[in-house]
Each structure stands twice: as structure tokens, then as C-alpha cells.
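Chain and residue survey
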Amino acid sequence: ANSSLLGMFSILAVLAGALLLFLLFASIPILYFLVLPKLRDRNFPGPHYHSFFWGNAGDFSGRPGEYMVVMERYRERYGKTLQMWLIHRRVVQVTDPEGIKYILHTKALPKTDAFNKVVGVLGRDGLVTIPNERHQAQRRAIVGRFNDDFLHSLHGFAGQALKEFSATLGKAAETGEIVDMDDLLTRLTLDVILRCAFGAKVGNIQSAGDKHPLPAAITVALEEIYQNVVLHPLREIFVSQKPLRTANAYLSEFCQEIIDERRRNPNSGGNGDDLLDIFMNIPGATDEYVIGEVITFLVAGHDTTSHTLAFMFYQLSMHPGIKQKVLVEIDNEMVDPNQTIPAFESIARVSYIRAVWKETLRLHPVTATGTLRTATEDTYLPASKLMVEKGTDISIPPY
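What comes next is a walk through the structure. (Residues numbered from 1 in each chain as written. Predicted model: local features only at pLDDT ≥ 70, side-chain atom pairs only at ≥ 80, totals over all residues. Heavy atoms only, no water.)

1. Digging into the overall build of the protein chain
The cut-off we apply is this: The helix count covers DSSP runs of H or I at least four residues long, the strand count covers runs of E at least two residues long, and both are numbered beginning at the N terminus. In what follows, a contact means two residues having at least one pair of non-hydrogen atoms within 4.5 Å.
In terms of helices and strands, the protein chain carries 16 helices and six strands. For the protein chain, the proportion of contacts with a sequence separation of at least 24, taken over those separated by at least 6, is 64%.

Written as C-alpha cells, this is what we have:
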């Protein structure tokens, strides 16, 4: 009996020793990635972290618009250059103009690996995620085609979508129906982009309502990408990526059908080149590259435009004096009884509307969290006189 008892104690001692060794080795990466960096940079301006594991992530509950509110509160308390911790990731926020210019232009720091890897799921090898050394050449190849003649040729294609949008609003006004302007504008911009930029014949997204899968797929992709960027790479490891994979698969198939249709019918885009022609004619362009660019324009192009329009309509409804000046300028400069939509040339004459648009962008920037860059070497920020270590993520918020 004594020998059996001793044997049990020996086994328990071995198991306890193995558990201690496991905990010891497991604690090394925790100390290295979660604890030591926070201790090393504890004197850098910024909010105190709530725990070594979560950092400042507890300040963000995920409610719409909360991120900017919290960041503004940080800025007021800790200054124009500060740090925060999102679990293991240190993010330095820079908001002074001199520091922003230094990061984006003087040093031209690249986008973070987190951004490129996460957004690259959708954008592939497109303009948003390609390295700096290729970005300029690819950007020039695309932007070089955005001249007045090209924009003028696209302007006419927007007419049908705008007529349908106006009819929807007119009907709602007659019946007193309450409409979701953000949703209507999202569908309008998708219609315009698909018709004008890609010559896509996908049915009427505006009248299809919730039955058309494209708006839903884009919404899911944007929400998942945002969460993955903020909590990279932990969210990709511990949270199911099936919603993003499903949305990405649908968007990829959708874009491939647009490309295949253009190859079968080169004139499907109407008269002259459109964006799809530009992408497909870039030297060395593969289907994967073209799909990435098409998804980028669909996701980023429609989302930023539609939300800014929605915010502008909201602000005009809250400021009737400004709305009246906008209506006067429309009547004086844009209305032509012989045309269903304003002439392209009239856009250059509406200076007051342009000012309203820019003020809307200032009040309601729609670039999510702004831009994320990474320090490729130890970087001294001259405006704040602070040093940022190599590999640190730098956030430049839209505000």
C-alpha cells in the first residue's frame, strides 16, 4: 500500500513539474509580446492600459462612431501624439499637421502589414495594398486616364440611375413614406459605379431592395475587414472568418463575370473606355489583379460617396438657410429643361455646392479609422520630439 501511495505521489509530482514547465514556457511569449513592450514604452504619452493582456481595447465597445469619440478624448487629454495598446499591438496616433506631413510625404512610410494582409483578402494586388515602390507607377497608369474627356463620357451613363433615384424620392414625398436615405444612396452609387465604370448589366440594384445580394456582401466585407484590422492577427485566429470568405467568394465571382462579359463583348461598356478597360489594359494585368481593383472601387468607391451624400442631406435638412442657397444655385446653374440631368459643364460652376460638399467631408470624414502606416526604422517625429521604434504602427485619423 505504501509503495502504491508513493507511486501515485511520484506521478503527481511529475505531472506538476510538467505543468510548471508548460506554464513557464507559455509565459515567455506572454511576457515578450504583452508585458515587456508596455513596460518599455510606459513613459510615452497616452492612456494607461487597463490590463497587460487587453491594453486599451476595453475602451472600444464596437458601437458605430465610437472609435473617433474615444480617440478625440485621448487627444484632448494626452496631446497630438500619443500611444494606445490594442491587446499586443502598440499604435501611435499622430494628429498635428507637421507630423502627418513628415510621415506621409517626407518619410513616405508604407501601410502596415496588418492593413495589407487583411485588406489584401479583398484588394488582392490592387492599388490600395501594393508596396510603395509599385504604387506610384500603378497609380499614374490609372490616374492618367481620368481626364475631362473620360469623365465627360461617364457622366451621361449616370442619367438613368439618377432618374430612378429621383422617382423613388418623388413617390415617397407624395405618399409621406419614410425612407432610409443612406440605404437609397448606397444603392444609387452602386448602380452608377457599375453602369459607368464597369458597364455591368446586373439588374436594377435600386429597385431590387434587399433582394440583390451585392450590397449585403459589401456591407459584410467592410465590417469584417474593419474588425480584423483593429484586432489583427488575433481575430483571424480565434473568430470565424466564414462571413468574410463567403462575401469575398461572391464578390470575386461577381467581378469575374464582369471581366468575362467584357472579353466576350468588348463594346459592352458603351462608347469609349471605362474603368474596366483601363484595368484590363494595364501591362501585365491578370484577372486576379483586375478583380482586386474592381472590388476596391466597388467597396471603397461607393461606400465613401454614398455616406458623404447621406451626411450632406442630413446637414442640409438641419440648416434650411444653407439648403435654400443650394437650391438657388441649382436653379441658376444646373437646371436645363432640355436635359434630364445637369450638364457636365455645369459642375464647374456650382462653387457653393462644392463648398457644402467639402464642409460635409470635414464634419463627417468617411475613411473609417484614417490611414495606418508603419515605421520602417526608428523614427524621430520632429513636431512632437518623440521617438517611434521600428515596427510601430502609426495611425493618422481622418479628424
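Resuming the write-up.
2. Considering the nonpolar core
Keep this limit in mind: In these notes, a set of buried Ala, Val, Leu, Ile, Met, Phe, Trp, Tyr and Cys residues joined through side-chain atoms within 4.5 Å is what counts as a nonpolar core. Whether a residue is buried, partly exposed or exposed follows from its accessible area with a 1.4 Å probe, protein chains only, as a fraction of its type maximum: under 20%, in between, or over 50%, in that order.
In terms of nonpolar packing, the biggest core is built from 53 residues, with F60, F198, L251, F279, V294 and L298 touching the most fellow members. Residues within four places of F198 in sequence aside, it is in contact with I193, I258, R262, D274, L275, L276, F279, V294, F297 and L298. In terms of nonpolar packing, the next biggest core, distinct from the first, is built from 14 residues, A161, F165, L185 and A310 among them.

3. Describing the environment of A217
Assignment of secondary structure puts A217 in helix α10 (residues 213–230). When its relative accessible area of 9% is taken as the criterion, A217 is described as buried. Apart from the residues lying within four places of it in its own chain, the contact partners of A217 are A247, Y250 and L251.

4. Examining the environment of T308
Summarising the element assignment, T308 is placed in helix α14 (residues 287–318). For T308 and H364, which are 56 residues apart along the polypeptide, the C-alpha to C-alpha distance reads 7.2 Å. Aside from chain neighbours lying at most four places away, what touches T308 is W357, T360, L361 and V366.

5. Describing the packing of aromatic side chains
Each pair of aromatic rings is reported with the distance of its centres and the angle of its planes. Here is the rule: Pairing of aromatic rings covers Phe, Tyr and the six-membered ring of Trp, with a centre-to-centre limit of 6.5 Å; geometry is then stacked below 30 degrees between planes, edge-to-face above 60, and tilted otherwise.
Going through the model one piece at a time under the given rule, you end up with three aromatic pairs. Geometrically, the ring pair formed by Y250 and F254 is tilted, given 6.0 Å between the ring centres and 35° between the ring planes. Highlighted residues: Y250 and F254, both in helix α12 (residues 242–264), separated by four residues, approximately one helical turn. When its relative accessible area of 25% is taken as the criterion, Y250 is described as partly exposed.

6. A closer look at the side chain of Q83
Operational definition: Polar contact criterion, stated in full: a pair of N or O atoms within 3.5 Å, where within protein one must be able to donate a hydrogen and the other to accept it, and residues adjacent in sequence count only if both atoms are side-chain atoms.
One can find Q83 in strand β1 (residues 81–86). Polar side-chain contacts of Q83 include one of 2.7 Å to the backbone oxygen of D41. A polar contact is formed between the side chain of Q83 and the side chain of R90, at a distance of 2.6 Å. Aside from chain neighbours lying at most four places away, what touches Q83 is D41, F44, P45, G46, P47, R90, V91 and V92.

7. A closer look at the packing of α10 against α12
When two helices pack together, their arrangement is given by the angle between the helix axes and by the axis-to-axis distance. As a reminder, the rule being used: What counts as an axis is a line fitted to C-alpha atoms, over the stretch in contact for a helix, and the angles between N-to-C directions run from 0 to 180 degrees. Any angle that falls under 35 degrees is termed roughly parallel, while one over 145 is termed roughly antiparallel, one within 65 to 115 roughly perpendicular, and all others oblique. Take the far helix as the reference: if the near one is turned anticlockwise from it by less than a right angle, the crossing is left-handed, and if turned clockwise, right-handed. When residue character is reported, Ala, Val, Leu, Ile, Met, Phe, Trp, Tyr, Cys and Pro are called nonpolar, Asp, Glu, Lys and Arg charged, and the others, Gly included, polar.
Contact geometry of α10 with α12 gives a least axis separation of 9 Å together with a crossing angle of 130°. Regarding the angle of α10 to α12, the classification is oblique. Our pair here, α10 against α12, has a crossing hand that is left-handed. Facing P213, L214, A217, I218, V220, A221, E224, I225 and N228 of α10, the residues of α12 in contact are P243, L244, A247, Y250, L251 and F254. Residue classes in the contact of α10 with α12 are distributed as 13 nonpolar, one polar and one charged.

8. Notes on the sheet that holds strand β2 (residues 89–94)
To keep it simple, the criterion reads: Here, a strand pair is defined by DSSP locating no fewer than two bridges between the strands.
Taking strand neighbours across the sheet as the criterion, the four strands line up as β1-β2-β6-β3 in an open arrangement whose pairing is mixed. The open sheet has two edge strands with one neighbour each: β1 and β3 (371–374). Across this sheet, the average inter-strand angle for adjacent strands is 30°, counted without regard to direction. In this structure, β1 lies alongside β2, joined through six bridges in antiparallel fashion. Each bridged residue has a counterpart across the sheet, and for L82 the counterpart in β2 is Q93. Of the strands in this sheet, β2, β3 and β6 (393–396) touch helix α3 (residues 97–106), which is tilted by about 125° from β6.

9. Remarks on the pairing of β6
Of the two faces of β6, both are covered, the one formed by D393 and S395 as well as the one formed by I394 and I396. Pairing analysis gives three bridges linking β2 to β6, with the strands arranged parallel. Along β6, the bridge assignment pairs V92 with I394. Judged from the four bridges that link them, β3 and β6 form a sheet pairing that is antiparallel. Its bridge partner being in β6, T374 is matched across the sheet by D393.

10. Some words on a nonpolar patch on the surface
Test applied: Distance thresholds for patches are 9 Å for like charges and 5 Å for nonpolar side chains (Val, Leu, Ile, Met, Phe, Trp, Tyr), applied to residues having over 30% relative accessible area and no salt bridge. Surface exposure here means Shrake-Rupley accessible area, sampled with a 1.4 Å probe, where a residue is shielded only by the protein chains that are shown. We define a salt bridge as a side-chain nitrogen of Lys or Arg found within 4 Å of a carboxyl oxygen belonging to Asp or Glu.
Judged by side-chain polarity, I11, L12 and L15 come together as a nonpolar surface patch covering roughly 310 Å² of accessible area. Among the structural elements, L15 can be located in helix α1 (residues 2–40).

11. Focus on α3
Applied cut-off: Taken from the helix axis, the directions to the C-beta atoms give the arc we talk about.
Of all the residues in α3, the buried ones are G99, Y102 and I103. For α3, the buried positions fall inside an angular range of 90° around the axis, keeping them on one side. Structural note: α3 exposes P97, E98, K101 and H105 on the side pointing more than 90 degrees away from its buried face. The secondary structure elements touched by the buried residues of α3 are β2, β3, β4 (379–381) and β6. A positive backbone phi angle near 50° is found at A108, which sits one or two residues after α3.

12. Quick notes on the side chain of T374
You can see T374 is positioned in strand β3. Apart from residues no more than four positions distant in its own chain, T374 is found in contact with L109, P110, K111, T112, G391, T392 and D393.

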